[in-house]
Amino acid sequence: MASKEGKEYIEQAIDDALKILKDCELCRQMFDSEGSNYPIDLLEQLRRDKAIIISPEAPTRWKLSANRKKLTVKLSQKLNSAAAGVVDLLERRAGEMGLPCIYVNPTGFMVTGSRAENFGLYGLEPRVQRSVALIHELAHVAGVLQFDGDEGEEPKNNVKSGANTNCV
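An account of the accompanying structure is given in this report. All values derive from a computational prediction rather than experimental measurement. (Residues numbered from 1 in each chain as written. Predicted model: local features only at pLDDT ≥ 70, side-chain atom pairs only at ≥ 80, totals over all residues. Heavy atoms only, no water.)

### So, the overall build of the protein
Right, so step 1: Each helix and strand in the protein was counted, giving six helices and five strands.
Right, so step 2: When the helices and strands of the protein are placed in sequence order, the string is α-α-α-β-β-β-β-β-α-α-α.
Right, so step 3: Once local pairs closer than 6 in sequence are excluded, the contacts in the protein between residues at least 24 apart make up 54%. (Helix = DSSP H or I, 4+ residues; strand = E, 2+ residues; numbered from the N terminus. Contact = heavy atoms within 4.5 Å.)

Shown next, in the form of structure tokens:
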């Protein structure tokens, strides 16, 4: 379970990411759909829906109730060294996710406040690193960034994750 401070880091990252998206037209254009407020609305929706979850694992197999109110996880995978990962509970494989969740690693820099290592975030202050990492995950949710790697692949060894972060 994440500490109170860890939850505050995530809330701060959401606030900072929203500010970046509101102030940076090029950042919004990266999302290239639904109008300029789309990424802002999407991140606010994820916050409202409590779909940004601090957990050491993300589900890989699950059952979602018909009313979408109950999730039964049948199999999950540790986030290991990944800062975060995304899951579409409707299991769409391309484009915008239908029912997204962002799982944030409680031992990673986004929750602990430490500096990011082995990611494409070098040279940025920790607070900026957290917000950029969140925008990276948001871009996966929106379907504008390809997935970082194959299931089970360690992101620290994954060049694609760093390249995706550099795009952000």
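### Some points on the nonpolar core
Right, so step 1: Leu43, Ile52, Ile102, Met110 and Leu134 are the most contacted members of the largest nonpolar core, which has 45 residues in total.
Right, so step 2: Here this core gets eight residues from one element, more than from any other, and that element is helix α5 (residues 126-142).
Right, so step 3: Setting aside residues up to four positions removed in sequence, isoleucine 52 forms contacts with Ile10, Ile14, Leu43, Leu46, Arg47, Ile102, Val104 and Leu134. (Core = buried A, V, L, I, M, F, W, Y, C linked by side-chain atoms within 4.5 Å. Buried < 20%, exposed > 50% of the residue type's maximum accessible area, 1.4 Å probe, protein only.)

### Structural notes on the pairing of strand β4 (residues 84-88)
Consecutive side chains along a regular strand alternate between the two faces of the sheet.
Right, so step 1: Most of β4 is tucked away: five of the five residues are buried.
Right, so step 2: Side chains of β4 alternate between two faces, with Ala84, Val86 and Asp88 and Gly85 and Val87 buried alike.
Right, so step 3: Relative to strand β5 (residues 100-104), β4 is paired through five bridges, and the arrangement is antiparallel. Paired with glycine 85 across the strands is tyrosine 103, a residue of β5. (Pairing = 2+ DSSP bridges.)

### Some remarks on helix α1 (residues 4-23)
Right, so step 1: Over its 20 residues, α1 extends 28 Å from the first C-alpha to the last, a length consistent with the 28 Å expected when each residue adds 1.5 Å.
Right, so step 2: When α1 is considered as a whole, its buried residues turn out to be Gly6, Tyr9, Ile10, Ala13, Ile14, Asp16, Ala17, Leu18 and Leu21.
Right, so step 3: Close packing links the buried residues of α1 with α2 (25-29), α3 (38-48), β1 (52-54), β5, α4 (109-112) and α5. (Expected span 1.5 Å × (residues − 1).)

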